Amino acid sequence: MELLAKAPVLGCAGKRQPGLPTGSVVGALGRLIRGAVPPPRVCGTPGGPPVTAPRVRLRDGRHLAYAESGVRKEDARFEVVISHGFTGSRLDTIRAAPEVAQELGVYMVGFDRAGYGQSDPNPNRSVKSAALDVEELADALGLGPKFYLIGISLGSHAVWGALKYIPDRIAGAAMMAPVVNYWWPGFPTDLAADVYAKQEVGDQWALRVSHHAPGILHWWMEQSWLPTSTVVAGTTPLPNRRDAEIRSKLKADGTFQHKMEQATQQGIHESYYRDMTVMFGKWEFDPMSLPEPPCPVHLWQGDEDGLVPVLLQRHLASRLSWINYHELPGTGHFLSSVPELGDTVLRTLFG
């Protein structure tokens, strides 16, 4: 373990740093080692977890589980789809006050992204499939020709996908502390590499394997002697006091473990690990090259976020003049815990 901790590591954005191997080394390892991935325990099948949530059936036969909040769909002035973050579920919300949702007339629906909770796995999951899942969910629920979309943390890749592949369906979009991909071409190589190197060693390796050798990610993450993701383990150093206190409480009362068990009940590979390979893999497009969409887009980011580097978020916002960037001072990553921020997001989104 000591050798790996001190081992050469790959610079991001394809940059080779002094003494570091190129991505081909990690890729070669991926071709040599193909860890066996356990088959998923699909909900509703023999031996699989039970289906207890409402679900919609997609064109390819998969199901998406969902949970509704806010006003009744029939009474809504605004319809919002929420794409949850890493380790999350259909039950995650932006925690807007019920009275604000009633005042504005907001219907909200969260859903288990593919492979999470009670939504069927998708072995071909991608940024594009995430966006199309959102579209199919909205159509199945009869949300109309346009709807609003909110992405939380890593779940914001579905928002970027929607802005790329289905922009005419989106009435407005918001991203809350959206995770970034260090390999997006729009990031200056030196900036991305410097920020990447500030991560914990295990996180650098986990992202590197996700990008260069996704076929061995499951094997890699299951080896106790290898440096792996502190985010999955819940041990990432969090500079923001509120974030640290929230995580400490969630781990102490068992909520952290319970959420993980629910999210990964069909298999950790189908949920967490596919999330990692999609988010940090090779994208078909660079979000910083997207044209201005036909809807307002807002992005909220804390300046003390220990999971998403604010320096990269600032650069992204500076590249996209149509992004309405809201930086929150003294704030970390868990934005849903910020008092009244959920109310602000809704009021801002609807303009």
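Everything quoted here is computed from the prediction, not taken from an experiment.

**Some thoughts on the packing of helix α4 (residues 127–140) against helix α5 (residues 157–165)**
Now for step 1: In contact at an axis separation of 8 Å, α4 and α5 are set at 85 degrees when each is read in the N-to-C sense. If you check the angle between α4 and α5, you find them roughly perpendicular. Together, V127, K128, A130, A131 and V134 of α4 and H157, A158, G161, A162 and Y165 of α5 make up the contact between the two elements.
Now for step 2: Here the residues of the contact of α4 with α5 are counted per class, giving 7 nonpolar, 2 polar and 1 charged.

**Quick word on the UniProt feature "domain: AB hydrolase-1" (unreviewed entry) in the chain**
Now for step 1: Under the UniProt annotation, the feature "domain: AB hydrolase-1" (unreviewed entry) is placed at residues 80–335.
Now for step 2: Between the end C-alpha atoms of residues 80–335 there is a gap of 18 Å, over a span that is 40% helix and 14% strand.

**Describing the pairing of strand β8 (residues 323–328)**
Now for step 1: Here strand β7 (residues 297–302) runs beside β8; their pairing, made up of 6 bridges, is parallel. Bridging across to β8, Q301 finds its partner in E327.
Now for step 2: For the crossover that starts at β7, traverses helix α13 (residues 310–319) and ends in the parallel β8, the hand is right-handed.

**Observations concerning the side chain of S129**
Now for step 1: Tracing the chain through its elements places S129 in helix α4.
Now for step 2: There is a polar contact of 2.8 Å between the side chain of S129 and the backbone nitrogen of S126.
Now for step 3: Apart from the residues lying within four places of it in its own chain, the contact partners of S129 are N122 and N124.

**As for the pattern of salt bridges**
Now for step 1: Using the criterion set out here, one finds 15 salt bridges in the structure.
Now for step 2: For the salt bridge of E135 with R169, the shortest nitrogen-to-oxygen distance reads 3.0 Å. A residue pair is termed long-range when its members are at least 10 positions apart, and E135 in helix α4 and R169 in the loop between α5 and β6 (170–176) qualify at 34 residues. Judged on exposure class, the residue E135 and its partner R169 are both buried.
Now for step 3: R314 is paired through a salt bridge with E327; the nearest N and O atoms lie 2.7 Å apart. Here R314 is found in helix α13, whereas its partner E327 is found in strand β8, with 13 residues between them in sequence.
Now for step 4: Take R314: its relative accessible area is 38%, and that puts it in the partly exposed class.

**Some remarks on the side chain of H211**
Now for step 1: For H211, the position within the fold is in helix α7 (residues 201–212).
Now for step 2: Of note is the side chain of H211, whose polar atom sits 2.8 Å from the backbone oxygen of F280.
Now for step 3: Once you skip the residues sitting within four places of it in the chain, H211 turns out to touch W183, F280, G281 and K282.

**Some thoughts on the confidence of the model for the chain**
Now for step 1: On average, the chain scores 92 in pLDDT, and the residues at 70 or more come to 90%.
Now for step 2: Scored below 50 in pLDDT, residues 1–22 shows 43 contacts in the model against residues more than four places distant or in partner chains.

**Some remarks on the packing of helix α6 (residues 189–197) against α13**
Now for step 1: Running from amino to carboxyl end, α6 crosses α13 at an angle of 155 degrees, the nearest separation of the two axes being 10 Å. The angle between α6 and α13 falls in the class roughly antiparallel. Of the residues in α13, those touching α6 at L191, A192 and V195 are L311, L312 and H315.
Now for step 2: By residue class, the composition of the contact of α6 with α13 is 5 nonpolar, 1 polar and no charged.

**Considering the packing of aromatic side chains**
For any pair of aromatic rings, the description rests on two quantities: the centre-to-centre distance and the angle between the ring planes.
Now for step 1: This structure, assessed with the given rule, holds 14 aromatic pairs.
Now for step 2: Seen in terms of ring centroids, F78 and F350 are 4.0 Å apart; in terms of plane orientation they differ by 5 degrees. Their pairing is stacked. Of the two residues, F78 is situated in strand β3 (residues 78–83) and F350 in the segment after α14 (341–349); the sequence distance between them amounts to 272 residues.
Now for step 3: Look at F78 and you get buried, because its relative accessible area is 13%.
Now for step 4: Here F350 falls in the buried class, since its relative accessible area comes to 14%.
Now for step 5: In textbook terms, an aromatic cluster arises when at least three aromatic residues are bridged by ring pairs, as seen for W160, Y165, W184, F187, W283 and F285.

Criteria and thresholds
Residues numbered from 1 in each chain as written. Predicted model: local features only at pLDDT ≥ 70, side-chain atom pairs only at ≥ 80, totals over all residues. Heavy atoms only, no water. Axes fitted to C-alpha atoms, helices over the stretch in contact; angles between N-to-C directions. Helix = DSSP H or I, 4+ residues; strand = E, 2+ residues; numbered from the N terminus. Parallel < 35°, antiparallel > 145°, perpendicular 65-115°, else oblique. Contact = heavy atoms within 4.5 Å. Nonpolar A, V, L, I, M, F, W, Y, C, P; charged D, E, K, R; others polar. UniProt positions renumbered as here; feature names shortened; annotations may be inferred. Pairing = 2+ DSSP bridges. Right-handed = clockwise from strand over helix to strand, strands pointing away. Polar contact = N/O pair within 3.5 Å; in protein donor to acceptor, adjacent residues only side chain to side chain. Salt bridge = Lys/Arg side-chain N within 4 Å of Asp/Glu carboxyl O. Buried < 20%, exposed > 50% of the residue type's maximum accessible area, 1.4 Å probe, protein only. pLDDT = per-residue confidence, 0-100. Phe/Tyr/Trp six-rings, centres within 6.5 Å; stacked < 30°, edge-to-face > 60°.

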